[in-house]
Amino acid sequence: MRVKRPPEAQACPVILASPHSGREYDAELSASTRLSVDLLRRSEDAYVDQLIDFAPEYGATLVCAEFPRVFVDVNRAAGEVDPGMFADRIPVGEIAPSRRALSGLGVIPHIGAEGRTLYRRRMRFAEARARLERYYHPYHGALQAEMARLKARFGCAVLVDMHSMPASSAGGADIVLGDRFGTSCNGLVTERMETILRELGFVTVRNNPYAGGYTTEHYGRPPDAVHAIQVEINRALYMDENRVTLTTDHTRLITKIRSFVSELTGIDWSQSLQS
């Protein structure tokens with residue numbers, strides 16, 4: 001996990017997080033799967049961290065997961081697992097199965113890109129618990145600490161959870177903004193972001209097909225001056241999805257994302273969200 005803060009004098013209450021772009025594949029975990037690393041990588045929101053790596057230059061805090069989502073998905077609740085993927089009994093109270101988890105896309109996924117089964121065998125629950133301790137809890141601990149720090153300093157915090165989406169699910173949109181249908185952030189945050197993005201030439205939609213995941217639902221508390229919004233970028237804008245490689249278009253996209261971040265961090269959120 002990587003946390004980058006801006007110089008104190010430049011800091012603002014904005015955090016950009018990338019929970020799904022990690023590509024440090026643990027050899028032991030990789031060896032336990034049926035799939036090659038090339039196929040495992042198709043589950044990444046690949047290179048999103050590179051699209052926003054410059055954010056601290058503009059005063060935003062950056063939080064990036066460096067481990068792959070195919071091993072631990074931090075955009076899920078800690079107990080969101082499928083009991084059927086384990087060879088032993090799970091302790092009572094440690095899980096909260098969901099529809100996503102039961103379909104194989106829980107906090108410890110057992111389905112990869114294109115519906116491929118990940119593992120050769122059912123794992124023991126202790127393995128899952130160890131992954132959560134190693135990856136999940138440190139990520140959320142860092143994210144929560146940064147949000148608390150910024151709220152204490154500025155009176156508010158704005159979390160922008162950055163993702164990418166397959167072109168096939170984008171429905172013609174360049175960017176989907178997910179604010180849990182207006183519940184995870186003040187409407188002003190969504191409106192300002194959408195205006196900036198559209199002025200940069202992006203086609204944007206709200207909440208369809210991505211309204212936001214665990215991060216926006218868990219952290220977005222507008223009455224407490226903590227705002228969270230999810231941003232999904234169409235992968236066709238910057239990468240070859242099948243090969244998981246950047247295209248020449250990615251430099252153009254980074255230029256636009258720089259402009260977006262510059263505009264976003266230039267807003268006096270402490271004032272705007274209190275007026």
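Below: a short report on this structure. (Residues numbered from 1 in each chain as written. Predicted model: local features only at pLDDT ≥ 70, side-chain atom pairs only at ≥ 80, totals over all residues. Heavy atoms only, no water.)

## Focus on the nonpolar core
Core analysis: the largest hydrophobic core is formed by 40 residues, its most contacted members being Val14, Leu16, Val160, Met193, Ile233 and Trp269. When residues of this core are traced back to their parent elements, those giving at least two are strand S2 (14-18), helix H3 (48-52), strand S3 (61-64), strand S4 (157-165), strand S5 (175-178), helix H6 (187-199), strand S7 (226-234) and helix H8 (249-265). Ranked by residues supplied to this core, first place goes to H8 with five residues. Not counting the four nearest positions on each side in its chain, Met193 is found in contact with Val160, Leu177, Ile229, Val231, Phe260 and Leu264. (Core = buried A, V, L, I, M, F, W, Y, C linked by side-chain atoms within 4.5 Å. Buried < 20%, exposed > 50% of the residue type's maximum accessible area, 1.4 Å probe, protein only. Helix = DSSP H or I, 4+ residues; strand = E, 2+ residues; numbered from the N terminus. Contact = heavy atoms within 4.5 Å.)

## Some words on the packing of aromatic side chains
Applying the stated criterion across every chain yields a total of four aromatic pairs. Considering the side-chain rings of Tyr25 and Phe71, the 5.9 Å spacing of their centres and the 70° angle between planes classify their relative orientation as edge-to-face. Taken as a pair, Tyr25 in the loop between S2 and helix H1 (27-31) and Phe71 in the loop between S3 and helix H4 (99-102) lie far apart in primary sequence, 46 residues in all. Here the two residues Tyr25 and Phe71 agree in accessibility, since each one is buried. Ring plane angle 45° and centroid distance 4.8 Å describe the contact between Phe67 and Tyr135, whose orientation is recorded as tilted. One end of the pair, Phe67, is in the loop between S3 and H4; the other, Tyr135, is in helix H5 (residues 125-154), and 68 residues separate them in sequence. Assigned by exposure class, Phe67 and Tyr135 land together as buried. Over the face of the ring belonging to Phe202 we find Lys256, whose NZ or CZ atom lies 5.1 Å from the ring centre. (Phe/Tyr/Trp six-rings, centres within 6.5 Å; stacked < 30°, edge-to-face > 60°. Lys NZ or Arg CZ within 6 Å of the ring centre and 35° of its normal.)

## Side note on the environment of Lys256
Mapped onto the elements of the fold, Lys256 is located in helix H8. Residue Lys256 is classed as partly exposed on the basis of its relative accessible area of 27%. Counting along the chain gives 205 residues from Lys256 to Leu51, while the straight-line C-alpha distance between them is 9.8 Å. Once residues within four sequence positions are removed from consideration, Lys256 is found in contact with Leu200, Gly201 and Phe202.

Keep in mind these numbers describe shape, not what the thing actually does.
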